[in-house]
Amino acid sequence: MGLSHVILYAIVPIIVVMLAGYISGKRGAFSGEDAKKFNKVVLDYALPAALFVSIVQSTREDLAKDLKLTLVSTIGIMLCFMIVYFVFKYCFKKNTGADAAVSALISGSPTIGFLGFAVLEPIFGTTPAVALVVAIVGIVVNAIGIPVGLSLMNSSLEKQNPGSTKKESAWKPVIHALEQPVAWAPILAVVWVLVGIPWPKELSPSFNLIAKANASMAVFSAGITLSAIKFTINWQAILGSIMKMIMMPAVVLILGLLVHMDPLNLKMLVVAAALPPAFSGIIIADEYNTYVATGTSSLTLSVILFIGFCPLWIWLTDVALAAF
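Note that the coordinates shown come from a computational prediction; the quantities given were computed from them, not determined experimentally.

What follows deals with the overall build of the protein. Helices and strands together make up the secondary structure of the protein, namely 15 helices and zero strands. Relative to its length of 324 residues, the protein is compact, with a C-alpha radius of gyration of 19 Å against a globular reference of 20 Å. Each principal axis of the C-alpha atoms in the protein carries an extent, and together these give about 55 × 45 × 45 Å. Total accessible area on the protein stands at roughly 14,900 Å², and carbon and sulfur atoms take up 69% of it. Side chains of the protein give 20 positive and 16 negative charges; the mean places of these two sets differ by 7 Å.

See the structure below:
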């Protein structure tokens, strides 16, 4: 797999479709509200279908091989998540804990749900292994990262304005995350495989039809979202982009080498970790009116930087695997 293949089959199509969404947003054909509706179709229907139908076609042996993938994903992503939180909380005096929590939700989480399949499948093929990487990283981001980020944010907002937030169980964000189709669909598929129930191949086309809309709709929606936000450059946006595009894939690569991960899984995980920041962080920032401008700027800058960092990290991973 050469550099030209990665650029032509993974990067250029994303740029073209995202640019189409961006232009349509700027021309008023679609709005930020429309993007939210597209996102709902992706996260509640297309992505869960893609994850489920791909994973149920794998085997127990495939899942056993992916135990290291699960551990490295969880430890690597959440370690970076907390590093971003503490850096933005204690290194910038003007930042509150809520600002730092939003920074972690953005620069400490990859946008696996929107760009995972769009990037990984053109590079590594349409296989259950790709779906498992997307599923595992997605569960870490949605079922662990978002609840942790919301808890940190609410704690900070409560300290700033006592009584401004409702007293809720610490488990409520976790339960809410697991109730979403994007979380429980891959978990159900894993259970299906572990139990050993044969998957009727005749059912796959019914899932594939909506699943195929996942990547294109997600990328187009991302373009609309970017068209609706104001882009300004500052040092925090630059630092957030550097931590997302450099620190996270580097940490995942080092951890994967230390535990001798399967080379293909490691390459896919490193690329997944190098994906731009999670769009869900921007949605949360907008809902709480916290750190919106800098967060969206960091997201936009990271999307641009990903064009160069994606092939770079694939090359660096190959070099590291050959040397280790």
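Another point: the packing of aromatic side chains. Per the counting criterion, the structure on display carries 11 aromatic pairs. Pairing F30 with F220 gives two aromatic rings, centres 5.7 Å apart and planes at 90°, and the pair type is edge-to-face. A residue pair is termed long-range when its members are at least 10 positions apart, and F30 in the loop between α1 (3-26) and α2 (32-55) and F220 in helix α11 (residues 213-227) qualify at 190 residues. Residue classification places F220 among the partly exposed positions, given a relative accessible area of 22%. Taken together, the ring pairs connect F52, W192, W199 and F207 into an aromatic cluster.

Moving on, we get to the confidence of the model for the protein. Scored by pLDDT, the protein has a mean of 84; 92% of the residues are at 70 or more. Mean pLDDT across the elements of the protein ranges from a minimum in helix α8 (residues 172-179), with 68, to a maximum in helix α13 (residues 263-273), with 95.

To continue, consider the environment of S156. Assignment of secondary structure puts S156 in helix α7 (residues 128-160). On the accessibility criterion, S156 (10% relative accessible area) is buried. Along the primary structure S156 and G97 are separated by 59 residues, whereas in three dimensions their C-alpha atoms are 5.1 Å apart. Beyond its immediate chain neighbours, meaning those up to four positions away, S156 contacts T96, G97 and A98.

Our focus in this paragraph is α11. If you check α11, its first and last C-alpha atoms are 21 Å apart, about what 15 residues at 1.5 Å a residue would give, namely 21 Å. Within the sequence span of α11, burial applies to N214, A218, V219, S221, A222, G223, I224, T225, L226 and S227.

Turning next to the pattern of salt bridges. Taken as a whole, this structure holds three salt bridges when the rule is applied. Between K40 and D44 there is a salt bridge whose closest N-O contact spans 2.8 Å. With K40 and D44 both in helix α2 and four residues apart, the pair spans about one turn of that helix. Across the salt bridge formed by K267 and D318, the nearest N and O atoms sit 3.0 Å from each other. Remark: D318 occurs in helix α15 (residues 292-323) and K267 occurs in helix α13; sequence separation between them is 51 residues.

This part takes up the nonpolar core. With 96 residues, the main nonpolar core has V119 and C310 as its most contacted residues. With 14 residues, the top contributor of residues to this core is α7. When near neighbours in sequence (up to four residues on either side) are disregarded, C310 contacts V6, I11, V119, I123 and V271.

Right, let's talk about the side chain of K244 for a bit. Note on placement: K244 falls in helix α12 (residues 235-258). Here K244 occupies a buried position and makes no salt bridge, while the nearest side chain of opposite charge, D318, is found at 19 Å. Polar side-chain contacts of K244 include one of 2.7 Å to the backbone oxygen of L275. Setting aside chain neighbours within four positions, we find K244 in contact with I106, S107, S109, P110, P249, A273, A274, L275, P276 and P277.

The next subject is the side chain of T111. As for its position among the elements, T111 is in the loop between α5 (97-107) and α6 (112-124). The exposure class assigned to T111 is buried, which follows from its relative accessible area of 2%. Beyond its immediate sequence surroundings of up to four residues, T111 is in contact with G116, L275, P276, P277, A278 and F279.

Packing of helix α4 (residues 67-90) against α5 leaves a shortest axis separation of 8 Å and a crossing angle of 145°. The crossing of α4 and α5 is right-handed. Of the residues in α5, those touching α4 at F81, V84, Y85, F88 and K89 are G97, A100, A101, S103, A104, L105 and S107. Per-class residue counts for the contact of α4 with α5 are eight nonpolar, three polar and one charged.

Scoring rules and cut-offs
Residue numbering note: each chain is counted from 1, following its sequence as written. Reporting in this predicted model follows two pLDDT cut-offs: at least 70 for local features of residues, and 80 or more for side-chain atom pairs to be given and counted; totals over whole chains, interfaces and linings ignore these cut-offs and use all residues. Processing note: side-chain calculations cover all non-hydrogen atoms of the structure and skip hydrogens and water entirely. In this text, helices come from DSSP runs of H or I with a minimum length of four residues, and strands from runs of E with a minimum of two, each type numbered from the N-terminal end. It is over C-alpha atoms that the radius of gyration is taken, and the globule rule equals 2.2 Å times the number of residues to the power 0.38. For the accessible areas, the method is Shrake-Rupley and the probe is 1.4 Å, while residue cover comes only from the protein chains on display. Asp and Glu count as negative and Lys and Arg as positive, but His and the ends of the chain are not part of the count. The atoms used to mark charge sites are NZ of Lys, CZ of Arg, CG of Asp and CD of Glu. Pairing of aromatic rings covers Phe, Tyr and Trp, the last through its six-membered ring, and needs centres within 6.5 Å; plane angles under 30 degrees mean stacked, over 60 mean edge-to-face, and all others mean tilted. For each residue, the accessible area found with a 1.4 Å probe, counting protein chains only, is set against the maximum for its type, and the residue is called buried under 20%, exposed over 50%, and partly exposed in between. The quantity called pLDDT is the predictor's confidence in a given residue, expressed from 0 to 100. By definition in these notes, contact holds between two residues if any of their heavy atoms fall within 4.5 Å. Expected helix span is computed as 1.5 Å times (number of residues minus one). We define a salt bridge as a contact between a side-chain nitrogen of Lys or Arg and a carboxyl oxygen of Asp or Glu at a distance within 4 Å. We call a set of buried Ala, Val, Leu, Ile, Met, Phe, Trp, Tyr and Cys residues a nonpolar core when their side-chain atoms join them within 4.5 Å. For this analysis, a polar contact is any N or O atom pair within 3.5 Å, provided that within protein one partner can donate a hydrogen and the other can accept it, and provided that sequence-adjacent residues contribute only side-chain to side-chain pairs. Interaxial angle, 0 to 180 degrees, is taken between N-to-C directions of lines fitted to C-alpha atoms, where a helix line uses only the stretch in contact. The crossing is said to be left-handed when, going from far helix to near helix, the turn is anticlockwise and less than a right angle, and right-handed when the turn is clockwise. Residues are grouped as follows: Ala, Val, Leu, Ile, Met, Phe, Trp, Tyr, Cys and Pro are nonpolar; Asp, Glu, Lys and Arg are charged; all remaining types, including Gly, are polar.

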